[in-house]
Amino acid sequence: MPKVMVVGAGAVAQVTVCKLARRPDLFPEIVVASRTRAKCEALAARHPQARIIPEAVNADNVAQTVALLEKHRPALVINLALPYQDLPLMEACLQAGVDYLDTASYEPPDTPKYEYRYQWEFQERYQQAGRTAVLGIGFDPGVTNAFVAYAAKHLFDELHYLDIIDCNAGDHGRPFATNFNLEINLREITQPGRYYEGAQLVEVPPLSVSQDVRFPEIGVRRAYLIFHEELESLVKHFPSLRRARFWMTFGESYLMHLRAFMNVGLTSIEPVDYEGCSVVPIKFLQKLLPDPASLAPDYKGWVSIGVQLRGTYQGQPRTAYLYTNIRHEWAYQDCGAQAVAYTAGVPPAVAAELLSTGAWKPQPGVWNVEQLDPVPLLERLPAAGLPWKAIIDYPLDFIDTPE
Ligand SMILES: NC(=O)c1ccc[n+]([C@@H]2O[C@H](COP(=O)([O-])OP(=O)(O)OC[C@H]3O[C@@H](n4cnc5c(N)ncnc54)[C@H](OP(=O)(O)O)[C@@H]3O)[C@@H](O)[C@H]2O)c1
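Residues numbered from 1 in each chain as written. Predicted model: local features only at pLDDT ≥ 70, side-chain atom pairs only at ≥ 80, totals over all residues.

**Regarding the overall build of the protein chain**
Broken down by element type, the protein chain carries 14 helices and 18 strands. Structurally, the protein chain occupies a C-alpha span of about 60 × 55 × 40 Å along its principal axes. Taken across its 403 residues, the protein chain has 48% of its residues classed as buried. Partitioning the intrachain contacts of the protein chain with sequence separation of at least 6 by distance along the chain shows that 71% fall at a separation of at least 24. (Helix = DSSP H or I, 4+ residues; strand = E, 2+ residues; numbered from the N terminus. Buried ≥ 20, exposed ≤ 12 C-beta atoms within 10 Å, placed from the backbone. Contact = placed C-beta atoms within 7 Å.)

Rendered as structure tokens:
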């Protein structure tokens, strides 16, 4: 792959660039383009052994991005900006004839509700142009989708129930901080919880459903039902699923702060007038709180992300739990990052490697991760820093487990 372009220079991009920079054989030139050029320059300075070219771009502006792509002619764009940039970047890649990866599905800025339909609409145009887009190749979505695809092919005859569980059991020592972009994170968590029951999407009030889960090596943590984008693509691609849910753990202090912010309107995306200035409360809150990347040096403890599946194998009921446990300290030692950014940033670098070596050769079109062969990705993850395990018939002590 002659050149790759990373768009965005935040917490997740920092990890992806760290991993790409270690493979000059595959990625001899890495363009890092983001809104703030100084952040791209800082990333380049962290990896003097690699050829990293910093650039400024407003990825909302298709013409500007196309001009930059035509200047550098990368083979692949890795979009690690925000979900709002997915559509303009997919459009720019089509116009410039470049393949595309991202880690989060598009969400309209004025509607906090992500849906894949906006990106799936590019399918025909990508096919006609002979270009490929891989959507959602972080950890969740990303590796979680690959876990489900692997289980469907190798561990089950039929999948019935899916629970994706994201547990951050680490401590960063701050009263309140988010682990990735605050605006995107709080928009996700403060939405109504949604999950699939059969073909129906069931909606519950935000953070109103929770249960204790016993995580391997960590112990019991309280997990809250929230909506997450991979549920939408997974129920579409695995129609035997009778139910699909996503859970995220939160500690008491986090929830106490979050509820206070919600109660006083600080998580609102509606602009308010303050002394003649239009202020969006959630963006103001983001200014006040720590940059997620800055948490890395002090962060200690485990992050655990996995999928629990139930179904049948050779006519018998079976449960499988596929998961990764890593420590914040390990992520810091490897890439100077905290583990949430690390789990999100390693998979796009591995995906770029699989595409560049031909281990993944998707047909032209727009694909979710579960539509690609999960084996090359899962085989490569441990060496890239994300070990994983599959445990058969080890239910995670869910209170309401069916069957
Ligand atoms: N799948 C997963 O497992 C997973 C997990 C966590 C996060 N994510 C996704 O990863 C992405 C990055 O998250 P993060 O925590 O790294 O966010 P972040 O630290 O806020 O970084 C975002 C970067 O995008 C840049 N950016 C924003 N708008 C831009 C624009 N219009 N043009 C060019 N650059 C722009 C920002 O520029 P400035 O520096 O100027 O602000 C910043 O460098 C998000 O989409 C998030 O949802 C995925």
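Having seen it, we continue.
**Observations regarding the site of the ligand**
Around the ligand sit 33 residues in total, of which Gly8, Gly10, Gly138, Phe180 and Ala344 are the nearest. A total of 3 residues in the shell around the ligand trace back to one element, the largest contributor, which is helix 1 (residues 11-21). Residue-level mapping places the shell around the ligand at the junction of two domains, with at least three residues from each of domain 1 (3-135) and domain 2 (143-336 + 383-392). (Near = placed C-beta within 6 Å. Domains from an automatic or database assignment.)

**Here we look at the domain arrangement of the protein chain**
Taken domain by domain, the protein chain comprises domain 1 (3-135) and domain 2 (143-336 + 383-392). Once you take the C-alpha centre of each, domain 1 and domain 2 turn out to be 24 Å apart. For the side of domain 1 that touches domain 2, a count of residues per class yields 9 nonpolar, 3 polar and 3 charged. (Nonpolar A, V, L, I, M, F, W, Y, C, P; charged D, E, K, R; others polar.)

**Regarding the sheet that holds strand 3 (residues 52-56)**
Spatial strand order, 3-2-1-4-5-6-17: 7 strands in an open sheet with parallel pairing. Each edge of the sheet is formed by a strand with only one pairing partner; in this case those strands are strand 3 and strand 17 (365-368). Pairs of neighbouring strands in the sheet enclose a mean axial angle of 20°, with direction left out of account. In this sheet, strand 5 (residues 99-102) lies alongside strand 4 (residues 76-79) in parallel orientation, the contact comprising 4 bridges. Paired with Val77 across the bridge in strand 5 is Tyr100. (Pairing = 2+ DSSP bridges. Axes fitted to C-alpha atoms, helices over the stretch in contact; angles between N-to-C directions.)

**As for the pairing of strand 11 (residues 219-226)**
Where strand 10 (residues 210-215) and strand 11 come together, 6 bridges link them in antiparallel fashion. Within strand 11, the residue paired with Arg214 across the bridge is Val220. In textbook terms, the turn of a hairpin is the stretch between consecutive antiparallel strands, and for strand 10 and strand 11 this stretch comprises 3 residues, one of which, Glu217, has a positive phi near 70°.

**Quick look at the packing of helix 3 (residues 62-72) against helix 4 (residues 86-96)**
Orientation of helix 3 relative to helix 4, taken along the N-to-C sense of each, is 45°, at an axis distance of 9 Å. Judged by the angle between their axes, helix 3 and helix 4 are oblique. The handedness of the crossing between helix 3 and helix 4 comes out as right-handed. Residues Val62, Thr65, Val66, Leu69 and Glu70 of helix 3 lie in contact with helix 4, whose contacting residues are Pro88, Leu89, Glu91, Ala92, Gln95 and Ala96. Each residue belonging to the contact of helix 3 with helix 4 can be placed in one class, and the counts come to 7 nonpolar, 2 polar and 2 charged. (Parallel < 35°, antiparallel > 145°, perpendicular 65-115°, else oblique. Left-handed = near helix turned anticlockwise from the far one by under 90°.)

**Focus: helix 10 (residues 252-263)**
For an α-helix, the turn length of 3.6 residues means that residues three or four places apart are oriented alike. Taking 1.5 Å of rise per residue, 12 residues should cover 16 Å, and helix 10 covers 16 Å from first to last C-alpha, within 8% of that figure. In the segment just after helix 10, Gly265 is the residue with positive phi, at about 85°. (Expected span 1.5 Å × (residues − 1).)

**Considerations on the packing of helix 7 (residues 143-154) against helix 9 (residues 230-237)**
Orientation of helix 7 relative to helix 9, taken along the N-to-C sense of each, is 20°, at an axis distance of 10 Å. The orientation of helix 7 relative to helix 9 falls into the category roughly parallel. In terms of crossing hand, the pair formed by helix 7 and helix 9 is right-handed. On helix 9, the residues that touch Thr144, Asn145 and Val148 of helix 7 are Glu230, Ser233 and Leu234. Looking at side-chain class alone, the contact of helix 7 with helix 9 contains 2 nonpolar, 3 polar and 1 charged residues.

**Here we look at helix 13 (residues 339-357)**
The terminal C-alpha atoms of helix 13 lie 27 Å apart, and with 19 residues this matches the ideal 27 Å at 1.5 Å per residue to within 8%. Burial runs high along helix 13: 17 of the 19 residues are buried. Gly358, located one to two residues past helix 13, shows a positive phi value of around 85°.

**Side note on the environment of Ile269**
Locating Ile269 in the fold gives a position in the loop between helix 10 and strand 13 (272-274). Using a count of 16 C-beta atoms within 10 Å as the deciding quantity, one classes Ile269 as partly exposed. Separated by 29 residues in sequence, Ile269 and Asp298 place their C-alpha atoms 30 Å apart. Residue contacts for Ile269: discarding those within four places in its chain leaves Pro112, Arg187, Val280 and Ile282.

**Considering the environment of Leu377**
Within the fold, Leu377 resides in helix 14 (residues 374-384). Distance from Leu377 to Gly142, taken between C-alpha atoms, is 9.9 Å for residues 235 residues apart in sequence. Ignoring any residue separated from it by four or fewer positions in sequence, one finds Leu377 in contact with Ala146, Val350, Ala351 and Leu354.

**Details of unusual backbone geometry**
The step from Asp140 to Pro141 runs through a cis peptide bond, and the omega angle for that step is 10°. Structurally, Pro141 can be placed in the loop between strand 6 (132-135) and helix 7. Residues other than glycine seldom take positive phi values, yet Arg73 does so here, at roughly 50°. For Arg73, the position within the fold is in the loop between helix 3 and strand 4. Its identity as a non-glycine residue notwithstanding, Gln314 has a phi of 50°, on the positive side. Among the structural elements, Gln314 can be located in the loop between strand 15 (302-313) and strand 16 (316-327). Overall, the presence of 7 C-beta atoms within 10 Å leaves Gln314 in the exposed class.

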